[in-house]
Amino acid sequence: MTMSVTEARDGADSRCITTRHDHEAVAAVFRALAEPARLQIVHALSDGERRVVDLVAQVGLAQSTTSAHLAVLKEAGLVTPRAVGRSTYYSLTTTSLGALLQRAEELLDEGLLAVVHSHGAGG
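To keep things clear, this report deals only with the structure shown in the data block. (Residues numbered from 1 in each chain as written. Predicted model: local features only at pLDDT ≥ 70, side-chain atom pairs only at ≥ 80, totals over all residues. Heavy atoms only, no water.)

**Some points on the layout of surface pockets**
Here is the rule: A cavity here means a set of 1 Å grid points, computed over protein atoms only, where a 1.4 Å probe fits but cannot escape. A pocket is an open set with protein on both sides within 12 Å along at least 5 of 7 lines, and lining residues have an atom within 4 Å of a point. Grid points are joined across faces, edges and corners, and a volume is the space filled by probe spheres set on the points. Under the scheme used here, helices are H or I runs from DSSP no shorter than 4 residues and strands are E runs no shorter than 2 residues, and both carry numbers assigned from the N terminus. Polar here means any residue outside two lists: the nonpolar Ala, Val, Leu, Ile, Met, Phe, Trp, Tyr, Cys and Pro, and the charged Asp, Glu, Lys and Arg; Gly therefore counts as polar.
In this structure, the largest pocket spans a volume of roughly 440 Å³. As for the largest pocket, its lining consists of 13 residues, of which Leu39, Leu101, Ala104, Glu105 and Leu108 are closest to the centre. Listing elements by their share of the lining of the largest pocket, those giving two or more residues are helix 1 (23-33), helix 2 (36-45) and helix 5 (96-120). In terms of residue count, the dominant contributor to the lining of the largest pocket is helix 5 (eight residues). For the lining of the largest pocket, the class distribution of residues is 10 nonpolar, one polar and two charged.

**Observations concerning the pattern of salt bridges**
What counts is decided by this rule: Salt-bridge detection follows one rule: a side-chain nitrogen of Lys or Arg within 4 Å of a carboxyl oxygen of Asp or Glu. Exposure classes here rest on a 1.4 Å probe applied to the protein chains alone. A residue is buried below 20% of its type maximum, exposed above 50%, and partly exposed in between.
Taken as a whole and assessed by the stated rule, the structure comprises four salt bridges. Between glutamate 49 and arginine 82 there is a salt bridge, with the nearest N and O atoms lying 2.7 Å from each other. Here the residue glutamate 49 occupies a position in the loop between helix 2 and strand 3 (50-51), and arginine 82 occupies one in strand 4 (residues 79-84), the gap between them amounting to 33 residues. With a relative accessible area of 33%, glutamate 49 lands in the partly exposed category. Note that arginine 51 is salt-bridged to aspartate 54, the shortest N-O span being 3.0 Å. Its relative accessible area of 28% is what places aspartate 54 among the partly exposed residues. Salt bridges linked by common partners bring Arg103, Glu106 and Glu110 together as one network.

**Some thoughts on the nonpolar core**
Selection rule: Here, the term nonpolar core denotes a set of buried Ala, Val, Leu, Ile, Met, Phe, Trp, Tyr and Cys residues that are joined through side-chain atoms within 4.5 Å. Contacts between residues were defined by any pair of non-hydrogen atoms, one from each residue, lying within 4.5 Å.
Formed by 19 residues in total, the largest nonpolar core has its most connected members in Leu33, Ile41, Val42, Leu45, Leu70, Leu73 and Leu78. Of all the secondary structure elements, the ones that give two or more residues to this core are helix 1, helix 2, helix 3 (52-59), helix 4 (63-75), strand 5 (87-92) and helix 5. Among all residues touching valine 42, those that are not within four sequence positions of it are Leu33, Leu73, Leu92, Leu97 and Leu101.

Below you can see the structure in the form of structure tokens.
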């Protein structure tokens, strides 16, 4: 995800700098994360590398379903596989992904949860 600085707001000293974001790339990351099972997998991987069989046990999905979710995450560049014998280990490509999920949870703690639930209930 490349960003060229041309304008953004710096809250610390109110300077204005322009930033051009790659919104398509950011949207692709969020699309890959937009499934609760994939979020569970990312959360599990934020604790370290896991074999597929370990993820199956931890997430509680069938191996084929877990593998399909891992394929989506891999396609988005969020996880990377490592083959060892007959096992495949997966890890996050960046620790920033775990931090992103943590920040999303903080947003929920800050009141976003009420907004999310009101929209989900048709309100």
